[in-house]
Amino acid sequence: MKSKLIFYILILDSFFFTGLLFYFDVKWYLAVLPLLVLFIIIPIASFNIQLNFFLKSIHNGNPDGNKTALTFDDGPHPVYTSQVLDILQKFNAKATFFLIGQNVKQYPYLVKRIVDEGHTIGSHSFTHSKTIDFKHTKGWLRELEETDLEILKITGKKVYFFRPPFGVTTPHLASALKKTGHLSIGWNQRTYDTVLNDVGKINRKIIKNARPGDIILLHDRHENIITLLEQLLPELARKNFTFVTVNELIDEKPYTEI
Ligand code: NI
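Because the structure is predicted, anything quoted here is derived from the model rather than measured.

Q: Hey, could you run me through the pairing of strand β9 (residues 215–219) in this one?
A: Two faces belong to every sheet, and in a regular strand the side chains alternate between them. The element β9 is largely enclosed, with a buried count of 5 among its 5 residues. Across the two faces of β9 the burial is the same, with Ile215, Leu217 and His219 and Ile216 and Leu218 all buried. Here strand β2 (residues 67–75) pairs with β9 via 5 bridges, running parallel. Considered in β9, the bridge of Thr71 is made with Leu217. Inspection of the sheet shows strand β8 (residues 189–190) paired to β9 by 2 bridges, in the parallel sense. Bridge pairing in β9 places Gln189 opposite Ile216. Note on the crossover from β8 through helix α8 (residues 199–209) to β9: the handedness is right-handed.

Pasting the structure below:
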């Protein structure tokens, strides 16, 4: 893999020149520079899912037509998920929900409702813990397999889509996904709906940037999402957008054969 190779070359390069420093009169920066580059490259590559550096994700769909995909992360939530589903129903909108395994376990009736109403579900890890991105391949595999199992128990479906928590990607996650065969789904519109409080401002930005084929990142775990959707959906519908699942937008199957 290209990214891993760069990574190892930079590390070897640093060791090589550090070694030479002790024996020969080599410029010190030749040893430090690769390490510096490494420390700059890794965070940038990890935090920018759109760079596809450690693993390839899908960030948008077919730009022809008028389809757009709303995606909701971190649910199901006992208060907000059902309200989100009510609004989607009102506007005849379909969406994709990236579920956290431990929430799935706690609120199976919400998972059932999401699927019954024609929306798509995908995995968003089991714990979504703050330190999840330090996990090695084995830890990631557990996150992925446990979530798959919980969803399978409730719906009889094996999910194909996975959204990396925090949008962070690492070589360990990449190798885990290679083993499980999940498809990583990113986004091309990040709304920051969990951190910004001004719903009007968030919506103006989404509407201004809206293009056919968009995958829009939202969350169904906070109060503002209700007002946000009630204002956003009619506005986008007025601009002729229709709301479809990610699988319809990218023409993929959302579930795999068991
Ligand atoms: Ni999340």
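There's more to say after this.
Q: I keep staring at a nonpolar patch on the surface and nothing clicks. Help me out?
A: Together, Trp28, Tyr29, Leu30, Val32, Leu33, Leu36, Val37, Ile40, Ile44 and Leu51 line one region of the surface with nonpolar side chains, adding up to about 930 Å² of accessible area. By the secondary structure assignment, Val37 is in helix α2 (residues 29–47).

Conventions used here
- Residues numbered from 1 in each chain as written.
- Predicted model: local features only at pLDDT ≥ 70, side-chain atom pairs only at ≥ 80, totals over all residues.
- Heavy atoms only, no water.
- Buried < 20%, exposed > 50% of the residue type's maximum accessible area, 1.4 Å probe, protein only.
- Helix = DSSP H or I, 4+ residues; strand = E, 2+ residues; numbered from the N terminus.
- Pairing = 2+ DSSP bridges.
- Right-handed = clockwise from strand over helix to strand, strands pointing away.
- Patch = residues over 30% accessible without salt bridge, like charges linked within 9 Å, V, L, I, M, F, W, Y side chains within 5 Å.
- Areas by Shrake-Rupley, 256 points an atom, 1.4 Å probe, with all protein chains shown as cover.
- Salt bridge = Lys/Arg side-chain N within 4 Å of Asp/Glu carboxyl O.

What is shown is where atoms sit, not what they do.
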